[in-house]
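# A closer look at the structure
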Amino acid sequence: MKNIGFLSFGHWSPSPQSGTRSAADALLQSIDLAVAAEELGADGAYFRVHHFARQLASPFPLLAAIGARTKKIEIGTAVIDMRYENPLYMAEDAGSADLIAGQRLQLGISRGSPEQVIDGYKYFGYAPEEGKTDADMARAQTQVLLEVLKGNGFAEPNPRPMFPNPPGALRLEPHSPGLRDRIWWGAATTPTAQWAGTMGMNLQSSTLVFDESGKPFHVQQADQIRAFREAWTAAGHTRTPRVSVSRSIFALVNDKDRMYFGNNNAEDQFGYIEPEKRAVFGRSYAAEPDKLIEELKQDTAIAEADTLLLTVPNQLGVEYNAHVIEMILKHVAPGLGWR
């Protein structure tokens, strides 16, 4: 068995060819797709967060709305850029969304990726301390978030409060028990995967990793997953960690599928997303179901993970994206033992 969800970047564009021409379209269709995915038997609805872009940016109102409309499906992010976040305010938002959803939130966070503007986090009021990098800042803010999510009191109460306080130091409210164990770190290198394991966070790995060996994408990703688990065990954590990987997978079952994805690139790509940081981008999978099953059997990183997130082309509309998810659940997952 494997958890299978979808991952949407929430793009919108005023282009006549786009099914999401406004932010409202992207948000409302995201809710509808999560509802449809739950009805189809999918396990998760995840959303990417980007600032200063025509994409989803403020996840907690969306997650809360999905939580109120669904009953069982996991809802989450992959990922929130912690360079932009006030960790205390974020803990309150996350606790609220998690309680509305009945504690189904799976919160993916990370240092983030290159953004639309230069040092965009500075516009949000954040900057690394002298001698520190933006990655250092993201990790420091993450550690604050992890600590306050434990639910321990830390703030000195006012001796003359507006409302009566419980005894002792106060914690952030609302607190959602168990949310700390449902935090995931998005890693693209072996050291960051190991850091996530040491910190007791679950691991998210996307459709790219930084090139560390020149090996195929899925092999490098699987190596990072194994390093994460070794670090987790070495840190002495007692629960079993979770690992997700993201893939673009399309079962070609009709003419529309073949029109959209019949010519997809079936090879890994090497390139640069940051200066002097060579990355390997994982291939897309697009084929008839029987061929897809044989190809996916060779993907060692998917085999290592307990959760697979299907990246969906959200601008093609809810109906088509529901079809994409259904075809994987119905025609591919059983042949791989995922269902």
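Shown above is the structure to which this text applies.
Residues numbered from 1 in each chain as written. Predicted model: local features only at pLDDT ≥ 70, side-chain atom pairs only at ≥ 80, totals over all residues. Heavy atoms only, no water.

### As for the pairing of strand β6 (residues 202–205)
Counted only if it meets this: Summary of the burial criterion: residues with accessible area below 20% of their type's maximum are buried, those above 50% are exposed, and those between are partly exposed, where the area comes from a 1.4 Å probe applied to protein chains only. Elements are defined by DSSP. Helices are runs of H or I of four residues or more, strands are runs of E of two residues or more, and each kind is numbered from the N terminus. A crossover gets the label right-handed when its path from the first strand over the helix to the second runs clockwise, viewed with the strands pointing away from the viewer.
The two faces of β6 match: Asn202 and Gln204 on one face and Leu203 and Ser205 on the other face are all buried. The parallel pair strand β5 (residues 183–186) and β6 is bridged by helix α5 (residues 190–199), and the resulting crossover is right-handed.

### Looking at the nonpolar core
Threshold: We define a nonpolar core as any set of buried Ala, Val, Leu, Ile, Met, Phe, Trp, Tyr and Cys residues linked to one another through side-chain atoms lying within 4.5 Å. Pairs of residues are marked as contacts when any of their non-hydrogen atoms sit within 4.5 Å.
Counting residues in hydrophobic clusters, the biggest one holds 75 residues, and the most contacted among them are Phe6, Leu107 and Ile109. Setting aside anything within four residues of it in sequence, one finds Leu107 in contact with Phe60, Thr77, Ile80, Met90, Ala94, Arg182, Ile183 and Trp184.

### Topic: the sheet that holds strand β13 (residues 307–312)
Definition in use: In this description, strands pair whenever DSSP reports at least two bridges between them. Geometry is summarised by axes, namely lines fitted to C-alpha atoms with helices restricted to the contacting stretch, and by angles between N-to-C directions that run from 0 to 180 degrees.
Strand order around the closed barrel formed by eight strands is β1-β2-β3-β4-β5-β6-β8-β13, with parallel pairing between neighbours. With strand direction ignored, the average angle separating the axes of adjacent strands in the sheet is 25°. As judged from the three bridges shared by β6 and strand β8 (residues 243–247), these two strands associate in the parallel manner. Note that in β8 the partner of Leu203 across the bridge is Val243. Packed onto the sheet, helix α3 (residues 87–100) meets β3 (74–81) and β4 (105–110) and runs at close to 155° relative to β4.

### Overview of the sheet that holds strand β10 (residues 269–274)
Pairing within the open sheet is antiparallel, and its three strands lie in the order β7-β11-β10. In the strand order of this sheet, the two ends are held by β7 (208–210) and β10, each with one partner. Along the sheet, successive strands turn relative to each other by an average axial angle of 40°, direction set aside. Bridge count between β7 and strand β11 (residues 277–281): three bridges; the pairing is antiparallel. Of the residues in β11, the one forming a bridge with Phe210 is Ala279.

Function-wise, these values are silent; they only describe arrangement.
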